[in-house]
Amino acid sequence: MENVSGGGGPTQLSAEAIPQLKEGISLVLSRWSALQMAVVNEWGGRDSRSKSEQLAEDIFSWFSHFKEPRYVDDLENLLDEAMLSLNTMIEDGSIEEVSLFTLLCCP
């Protein structure tokens, strides 16, 4: 597992960085075709869109409030669990791609 955090404490974001981080996360998720298909087709039920929005909030929290070292595997697990809540099994490698892209865009 690759550690993606610099220290053990929660990350402190400036007031300007918070909306930028949220926007970056939303942009990454909006370009993930598997997630968008699950939302549009309501594979997770009528609340598929809210599940997608909750995923964005969970990722934001993962970046900004996690108190222990963060590992890319943890982000992948978060994405996988969210997709399972949308009744979507991902086997195309896109979870790993989205995790890596999110880490690169929203460090």
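Since the structure is predicted, the reported quantities are computational estimates derived from the model, not experimental observations. All residue numbers refer to position in the chain's written sequence, counted from 1. Residues qualify for local features only when their pLDDT is at least 70, as the model is predicted, and side-chain atom pairs are given and counted only at 80 or more; totals for whole chains, interfaces and linings, by contrast, use all residues. Heavy atoms from the whole structure form the basis of all side-chain values; hydrogens and water molecules are not counted.

Enquirer: What is the right way to look at the environment of Lys 51 in this model?
Expert: Segments assigned H or I by DSSP are reported as helices when at least four residues long, segments assigned E as strands when at least two residues long, and all are numbered from the N terminus. Among the structural elements, Lys 51 can be located in helix 3 (residues 48-65). Between the C-alpha atom of Lys 51 and that of Leu 86, which follows or precedes it by 35 residues, the distance is 7.5 Å. Setting aside chain neighbours within four positions, we find Lys 51 in contact with Gly 44, Ser 85 and Leu 86. N or O atoms within 3.5 Å of each other form a polar contact, as long as, within protein, one can give a hydrogen and the other can take it, and as long as residues adjacent in sequence are counted only when both atoms are side-chain atoms. Of the polar contacts made by the side chain of Lys 51, one reaches the backbone oxygen of Gly 44; its length is 2.9 Å. In what follows, residue pairs with any heavy atoms lying within 4.5 Å of each other are defined as contacts.

Enquirer: I tried to follow the packing of aromatic side chains on my own but got confused; where do I start?
Expert: What describes a pair of aromatic rings is the distance from one ring centre to the other and the angle between the planes of the rings. For Phe, Tyr and Trp, where Trp contributes only its six-membered ring, two rings pair if their centres lie within 6.5 Å, and the inter-plane angle classes them as stacked under 30 degrees, edge-to-face over 60, or tilted in between. Applying the stated rule across the entire model yields one aromatic pair. Arranged with centres 5.1 Å apart and planes meeting at 85 degrees, the rings of Trp 62 and Phe 63 form a pair that is edge-to-face. Phe 63 matches Trp 62 in its accessibility class, with the two residues each being buried. The rule is short: NZ of Lys or CZ of Arg within 6 Å of the ring centre and within 35 degrees of the ring normal puts a charge over the ring. The ring centre of Phe 60 lies 4.9 Å from the NZ or CZ of Lys 22, which sits over that ring. Sitting over the face of the ring of Trp 62, Arg 70 holds its NZ or CZ atom 5.8 Å from the ring centroid. Note on classification: 1.4 Å probe, protein chains only; a residue is buried when its accessible area is under 20% of the maximum for its type, exposed when over 50%, partly exposed between these limits.

Enquirer: Can you walk me through unusual backbone geometry in this structure?
Expert: Most peptide bonds take the trans form, and the phi angle of most residues other than glycine is negative. Even without being glycine, Glu 42 reaches a positive phi, approximately 55 degrees. On the secondary structure map, Glu 42 appears in the loop between helix 2 (33-40) and helix 3. The backbone phi angle of Asn 87 is positive, close to 55 degrees, even though this residue is not glycine. Within the secondary structure layout, Asn 87 lies in the loop between helix 4 (72-85) and helix 5 (94-105).

Enquirer: Where do I start with the packing of helix 4 against helix 5 in this structure?
Expert: Two measures define how a pair of helices packs: the angle their axes make with one another and the distance between the axes. Every axis corresponds to a line fitted to the C-alpha atoms, with the helix fit spanning only the stretch in contact, and the corresponding angles, defined between N-to-C directions, vary from 0 to 180 degrees. For the pair helix 4 and helix 5, the least separation of the axes is 9 Å and the interaxial angle reads 125 degrees. Our classification of the angle between helix 4 and helix 5 gives oblique. When the axes of helix 4 and helix 5 are compared, the crossing they make is right-handed. Here Val 72, Leu 75, Glu 76, Leu 79 and Asp 80 of helix 4 come into contact with helix 5, specifically with Ile 95, Glu 96, Val 98, Ser 99, Thr 102 and Leu 103. Throughout, the ten residues Ala, Val, Leu, Ile, Met, Phe, Trp, Tyr, Cys and Pro are labelled nonpolar, Asp, Glu, Lys and Arg are labelled charged, and all others, Gly among them, are labelled polar. In terms of residue class, the contact of helix 4 with helix 5 is built from six nonpolar, two polar and three charged. Any angle from 65 to 115 degrees is called roughly perpendicular, while one under 35 is roughly parallel, one over 145 is roughly antiparallel, and all others are oblique. Take the far helix as the reference: if the near one is turned anticlockwise from it by less than a right angle, the crossing is left-handed, and if turned clockwise, right-handed.

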